[in-house]
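In case you want the letters, here they are:
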Amino acid sequence: GDSVTQMEGPVTLSEEAFLTINCTYTATGYPSLFWYVQYPGEGLQLLLKATKADDKGSNKGFEATYRKETTSFHLEKGSVQVSDSAVYFCALLNNAGNMLTFGGGTRLMVKP
Amino acid sequence: GAVVSQHPSRVICKSGTSVKIECRSLDFQATTMFWYRQFPKQSLMLMATSNEGSKATYEQGVEKDKFLINHASLTLSTLTVTSAHPEDSSFYICSASRQGVGQPQHFGDGTRLSIL
């Protein structure tokens, strides 16, 4: 079945540092890929998405590129802020669009 | 703005109580909604897929009689935790997506259920 693997946290960075959170997947066909962010005590918010190979999703300074050759969708941000502290989930939507598979989540802590 | 509304956000009740959680899609019709459960510091676990006008599809290991799902309309799905016990305490999150290829699921803000 489909699966998503992302780096374990917590990731602790200083403000303005560069962020990378790795995400790799296994899936049949041509899934869509997403990054969601969860702030403490809240639900998930869609951060960005990519629906086909080589697409780059971007939002709020975050970027991720759909790499089919390496089955990856790594999340990056050039300069993190304290307000970026949250848990980030990489997710895969299957071809049929009826199953969303999540990675285990990566907690990011940004210190001033 | 929020496209999926979930209510209530927090419930604290005694053991044996049944609790209903509502999930509404605010600006689109959702033939399918999803219910997840999240344990502390863990990822989301899909409990069931809620289909408008038909029975829900439950994931393996999820008790159908414990977690009743009703998808009454194209904008409303409810999850009822029947005769809740402390082990049912968790964070429950619903989601819905618009029709179309690659449409993301939009999540509600979750319901924190605490059974005393």
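Here the structure is shown first, and the text comes after it.
Residues numbered from 1 in each chain as written. Chains lettered and ligands numbered in written order. Predicted model: local features only at pLDDT ≥ 70, side-chain atom pairs only at ≥ 80, totals over all residues. Heavy atoms only, no water.

1. Here we look at the pattern of salt bridges
All names here are of chain B.
Moving on, step 1. Under the defined criterion, the tally for this structure stands at 6 salt bridges over all chains.
Moving on, step 2. Between Arg24 and Glu22 there is a salt bridge; the shortest N-O distance is 3.4 Å.
Moving on, step 3. Measuring nitrogen to oxygen at the nearest pair gives 3.4 Å for the salt bridge that ties Arg98 to Asp27. Of the two residues, Arg98 sits in the loop between β9 (90-96) and β10 (106-107) while Asp27 sits in the loop between β3 (19-25) and β4 (32-38), which places them 71 residues apart along the sequence.
Moving on, step 4. A residue is classified by how much of its surface remains accessible, and Arg98, at 30% relative accessible area, is partly exposed. (Salt bridge = Lys/Arg side-chain N within 4 Å of Asp/Glu carboxyl O. Helix = DSSP H or I, 4+ residues; strand = E, 2+ residues; numbered from the N terminus. Buried < 20%, exposed > 50% of the residue type's maximum accessible area, 1.4 Å probe, protein only.)

2. Brief notes about the packing of aromatic side chains
The geometry of two aromatic rings is summed up by the distance between their centres and the angle between their planes.
Moving on, step 1. This structure, assessed with the given rule, holds 10 aromatic pairs over all chains.
Moving on, step 2. With 6.1 Å between their ring centres and 40 degrees between their planes, Phe34 of chain A and Tyr36 of chain A make a pair best called tilted.
Moving on, step 3. On the accessibility criterion, Tyr36 of chain A (0% relative accessible area) is buried.
Moving on, step 4. For the pair Phe67 of chain B and Tyr92 of chain B, a centre-to-centre distance of 6.2 Å together with 45 degrees between the ring planes defines the contact as tilted. Residue Phe67 of chain B is located in strand β7 (residues 67-73), and its partner Tyr92 of chain B is located in strand β9; the two are separated by 25 residues in the primary sequence.
Moving on, step 5. Of the residues examined, Phe67 of chain B reaches a relative accessible area of 6% and is grouped as buried.
Moving on, step 6. Classification of Tyr92 of chain B by relative accessible area gives buried; the value is 0%.
Moving on, step 7. Chaining the aromatic ring pairs together yields one cluster made of Phe34, Tyr36, Phe89 and Phe102 of chain A together with Tyr36 and Phe107 of chain B. (Phe/Tyr/Trp six-rings, centres within 6.5 Å; stacked < 30°, edge-to-face > 60°.)

3. Observations concerning the pairing of strand β2 (residues 10-13) of chain B
Residues and elements named next belong to chain B.
Moving on, step 1. Where burial is concerned, the two faces of β2 differ: the one with Val11 and Cys13 is buried and the one with Arg10 and Ile12 is not.
Moving on, step 2. Bridge analysis of β2 against strand β11 (residues 111-115) gives 4 bridges, and the strand direction is parallel. Following the sheet pairing, Arg10 is matched in β11 by Arg112. (Pairing = 2+ DSSP bridges.)

4. Some words on the nonpolar core
Moving on, step 1. Phe67 and Leu113 of chain B are the most contacted members of the largest nonpolar core, which has 26 residues in total.
Moving on, step 2. Of all the secondary structure elements, the ones that give two or more residues to this core are β2, β3, β4, β5 (44-51), β7, β8 (76-81), β9 and β11 of chain B.
Moving on, step 3. With residues up to four places along the chain from it excluded, the contact list for Phe67 of chain B reads Arg37, Met47, Tyr58, Val62, Leu79, Thr80, Val81, Asp88 and Tyr92 of chain B.
Moving on, step 4. One finds Leu47, Leu48, Ala50 and Leu92 of chain A within the second-largest nonpolar core, a separate group that totals 25 residues. (Core = buried A, V, L, I, M, F, W, Y, C linked by side-chain atoms within 4.5 Å. Contact = heavy atoms within 4.5 Å.)

5. Some details on the state of the cysteines
Moving on, step 1. By the definition in use, this model includes 2 disulfides over all chains.
Moving on, step 2. The residue that forms a disulfide with Cys23 of chain A is Cys90 of chain A, at a sulfur-sulfur distance of 2.0 Å. A torsion of -70 degrees about the S-S bond marks the disulfide between Cys23 of chain A and Cys90 of chain A as left-handed. One end of the pair, Cys23 of chain A, is in strand β4 (residues 23-26); the other, Cys90 of chain A, is in strand β10 (residues 86-93), and 67 residues separate them in sequence. Like Cys90 of chain A, Cys23 of chain A is buried.
Moving on, step 3. Between Cys23 of chain B and Cys94 of chain B runs a disulfide, and the two sulfur atoms are separated by 2.0 Å. Residues Cys23 of chain B and Cys94 of chain B are joined by a disulfide whose S-S torsion is about 85 degrees; by sign, that bridge is right-handed. One end of the pair, Cys23 of chain B, is in strand β3; the other, Cys94 of chain B, is in strand β9, with 71 residues separating them in the sequence.
Moving on, step 4. The exposure class assigned to Cys94 of chain B is buried, which follows from its relative accessible area of 0%.
Moving on, step 5. Here Cys13 of chain B is not disulfide-linked; the sulfur of Cys94 of chain B is the nearest cysteine sulfur, at 18 Å. (Disulfide = S-S within 2.5 Å.)

6. Describing the environment of Gln103 of chain B
Moving on, step 1. Tracing the backbone shows Gln103 of chain B in the loop between β9 and β10.
Moving on, step 2. Apart from residues no more than four positions distant in its own chain, Gln103 of chain B is found in contact with Phe34 and Leu93 of chain A together with Ser97 and Arg98 of chain B.

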